[in-house]
Amino acid sequence: MQVINIGILGLGTVGSGVVRILRDHQNKISSITGRKLVIKTVVVHDLAKKRNVDLTGINVTDKIDDLINDKDIQIVVEVMGTVTTAKEYIERLLNAGKHIITANKDLIATYGSELAELAGKNDCDLFYEASVAGGIPILRTIVNSFAADRIVEVKGIVNGTTNYIMTQMSQNHVDYQKALKSAQELGFAEPDPTNDVEGIDAAYKMIILTQFAFGMNVTLDDIEVEGISRVDLEDIKQAKKLGYNIKLVGIAKLINDRIKVSVGPVLIPVDQPLAAVQNENNAVLVTGAAVGETMFYGPGAGELPTANSVLSDIIAVTKNIVLGTTGSRFNDFSREGKQALPDEVVYPYYISLRVKDQPGQMLKITEVMTSVKASFHLILQTEIDDNYARVVMTTHEMSEAQLKEIISAIAELNDIDVIASYKVLPD
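These figures come from a predicted structure and were not determined experimentally.

### Here's the deal with the environment of G199
Point 1. Position of G199 among the secondary structure elements: in the loop between helix 9 (194-197) and helix 10 (200-214).
Point 2. The spacing of G199 and T162 is 37 residues in sequence and 8.4 Å in space, taken between C-alpha atoms.

### Let's talk about helix 13 (residues 361-371)
Point 1. Of the residues making up helix 13, those classed as buried are Q361, I365, V368 and M369. With its buried residues spanning 95 degrees around the axis, helix 13 presents them on a single face. Along helix 13, exposed side chains directed more than 90 degrees from the buried face belong to L363, T370 and S371.
Point 2. Packing partners of the buried residues in helix 13 comprise strand 14 (349-356), strand 15 (376-383), strand 16 (388-395), helix 14 (400-411) and strand 18 (416-424).
Point 3. With its phi angle positive at about 60 degrees, K373 sits one or two positions after the end of helix 13.

### A few points about helix 1 (residues 13-24)
Point 1. The terminal C-alpha atoms of helix 1, which comprises 12 residues, lie 17 Å apart, in line with the 16 Å expected from a rise of 1.5 Å per residue.
Point 2. Those residues of helix 1 that fall on the buried side of the exposure criterion are V14, G15, S16, G17, V18, V19, I21 and L22.
Point 3. Residues of helix 1 that are buried make contact with strand 1 (3-9), helix 2 (26-33), strand 2 (36-43) and helix 12 (303-323).

### A look at the packing of helix 2 against helix 12
Two quantities define a packed helix pair, namely the angle between the axes and the distance from one axis to the other.
Point 1. As a packed pair, helix 2 and helix 12 sit with axes 10 Å apart at the nearest point and diverge in direction by 35 degrees. Read as a crossing pair, helix 2 and helix 12 show a hand that is right-handed. Here I29, I32 and T33 of helix 2 lie close against helix 12, whose contacting residues are L311, I315, T318, K319 and V322.
Point 2. Its residues placed into classes, the contact of helix 2 with helix 12 shows five nonpolar, two polar and one charged.

### Things to note about the environment of V346
Point 1. Take V346: it is sitting in strand 13 (residues 346-347).
Point 2. In this structure the C-alpha to C-alpha distance between V346 and K121, which are 225 residues apart in sequence, comes to 43 Å.

### Concerning the sheet that holds strand 4 (residues 73-78)
Point 1. Strand order in the open sheet made by the six strands is 3-2-1-4-5-6, with parallel pairing throughout. Every other strand in the sheet has two partners, leaving strand 3 (59-61) and strand 6 (126-127) as the edge strands with one partner each.
Point 2. Direction of pairing for strand 2 relative to strand 3: parallel, over a ladder of three bridges. Each residue of the ladder has a partner; that of V42, found in strand 3, is V60.

### Side note on the pattern of salt bridges
Point 1. By the definition in use, this model includes 26 salt bridges.
Point 2. Notably, a salt bridge pairs D313 with R140, separated by 2.6 Å at the nearest N-O pair. With D313 in helix 12 and R140 in helix 6 (residues 138-145), the pair connects residues that are 173 residues apart, well separated along the chain.
Point 3. Owing to a relative accessible area of 19%, R140 belongs among the buried residues under this scheme.

### Section: unusual backbone geometry
What is expected of a backbone is that most residues other than glycine have negative phi and most peptide bonds are trans.
Point 1. The residue T82 is not glycine, and still its phi comes out positive at about 65 degrees.
Point 2. Locating T82 in the fold gives a position in the loop between strand 4 and helix 4 (84-95).
Point 3. Of note in the backbone geometry, H173 takes a positive phi value of approximately 55 degrees without being a glycine.
Point 4. Among the structural elements, H173 can be located in the loop between helix 7 (160-172) and helix 8 (176-185).

### Some details on the pairing of strand 16
Point 1. Counting buried positions along strand 16 gives eight out of eight residues, so the element sits mostly inside the fold.
Point 2. Neither face of strand 16 is left uncovered, since the one carrying Y388, R390, V392 and T394 and the one carrying A389, V391, M393 and T395 both have all their residues buried.
Point 3. Taken together, the seven bridges between strand 14 and strand 16 define a ladder with antiparallel strand orientation. Note on strand 16: the bridge partner recorded for K356 is Y388.
Point 4. Across seven bridges, strand 15 lies against strand 16 in antiparallel orientation. The partner of L378 across the bridge, within strand 16, is T394.
Point 5. Connecting strand 15 to the antiparallel partner strand 16 that follows it, the hairpin turn spans four residues.

### Section: the nonpolar core
Point 1. The biggest cluster of nonpolar side chains holds 108 residues, and the ones touching the most others in it are I8, I138, L139, I165, L209, F214 and I314.
Point 2. Among the elements that make up this core, the one with the highest residue count is helix 10 (10 residues).
Point 3. Apart from the residues lying within four places of it in its own chain, the contact partners of I8 are G15, V18, V19, I39, T41, V42, V43, L67, V77 and V79.
Point 4. Counting 31 residues, the second-largest nonpolar core is a separate cluster that includes A283, V345, M398 and L425.

### Some details on the pairing of strand 4
Point 1. Strand 4 sits mainly inside the fold: five of its six residues count as buried.
Point 2. Sheet topology places strand 1 next to strand 4; five bridges connect them, and they run parallel. Bridge pairing in strand 4 places I6 opposite I75.
Point 3. Where strand 4 meets strand 5 (residues 99-102), four bridges bridge the pair, whose relative direction is parallel. For E78, the partnering residue across the bridge sits in strand 5 and is T102.
Point 4. Traced from strand 4 through helix 4 to strand 5, the parallel crossover comes out right-handed.

Cut-offs and rules
- Residues numbered from 1 in each chain as written.
- Predicted model: local features only at pLDDT ≥ 70, side-chain atom pairs only at ≥ 80, totals over all residues.
- Heavy atoms only, no water.
- Helix = DSSP H or I, 4+ residues; strand = E, 2+ residues; numbered from the N terminus.
- Buried < 20%, exposed > 50% of the residue type's maximum accessible area, 1.4 Å probe, protein only.
- Arc of directions from axis to C-beta.
- Contact = heavy atoms within 4.5 Å.
- Expected span 1.5 Å × (residues − 1).
- Axes fitted to C-alpha atoms, helices over the stretch in contact; angles between N-to-C directions.
- Left-handed = near helix turned anticlockwise from the far one by under 90°.
- Nonpolar A, V, L, I, M, F, W, Y, C, P; charged D, E, K, R; others polar.
- Pairing = 2+ DSSP bridges.
- Salt bridge = Lys/Arg side-chain N within 4 Å of Asp/Glu carboxyl O.
- Core = buried A, V, L, I, M, F, W, Y, C linked by side-chain atoms within 4.5 Å.
- Right-handed = clockwise from strand over helix to strand, strands pointing away.

Structural measurements only, silent on function.
This is the structure in structure tokens:
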């Protein structure tokens, strides 16, 4: 059987998983592809570091040129992380005629189009299924299974760290700091969790999902991003009493043929599928004009789930090599896109206020709502201390522009502060 040699750039959690799965499933993979896949060389940063995976027969080096200059290596898996260095290495590898598979969402969200163009010029494949939602094969599903449909919305829980933290806050009634510490102790959160908890990781994934689902390129600057670090445990409890769970949700939606992409805490009715996604799991809901709403659920990270997505890309590239069809883009769908206007983006909202407990305060709030032609769905008041109350209101549908006006107007009032304002997904 003919051999296809593979190089791996990085041997952390995912890289080790790729080595492990390829060894364990060699016979099945060979029967599917008609080729024997062999990991020939692995490039690591620290040669002295002990590894918990069998590297027998594999050349381990710290020199990228050992991959670039080896004409026998046809496929390279990049799982080293970073952006600048990874981009430089991938560009050199593509120019050397190597097919690239990466799990690097930051890189693809920032430079994916540029790298895809370079891959095409060199008749190389560039696949990155593992860059979004770990073990869930969402990108290839959008490309293949929704090819004939018109996708109108993609939304989901695409960051396992934040979902674990929100689950702990909701189920165990611990505050944000305690939930974050638990996530770090279990390895779900990095020592510096900023990218996860501030919504940046999820935003990068939504950039990729938006390009696949709608053919539109958006940047981080185009996305409304809010993290979970300021989510108050009392709001989680209050939302639960109202029949909602709060989750960090990415939403990409077509509105009047314009695109709106956002990442932030959202109230989800408890009877909806996303509300039941717990701990480090991810879920993506794709709504097509023809098929309606479909949900894809599974582990969003981890050694073997993410490595499995990498292997699916390796198999796809191998089939293309055998058929002589390399060089096509992972996703060819592309069209011009404009950003939806703030008065076009309409949701019900949850607004939580800290209000000094004195006469006339509710009148002030009502006057603000009336001035922007927005209406209450319900209003609840609970005591914070002897001097302040928490006023929670949910609204009927109103525009993002109206919400901004309300927040701005309340900021001008004495003794009333906005604690939080979140979208509410409709029932």
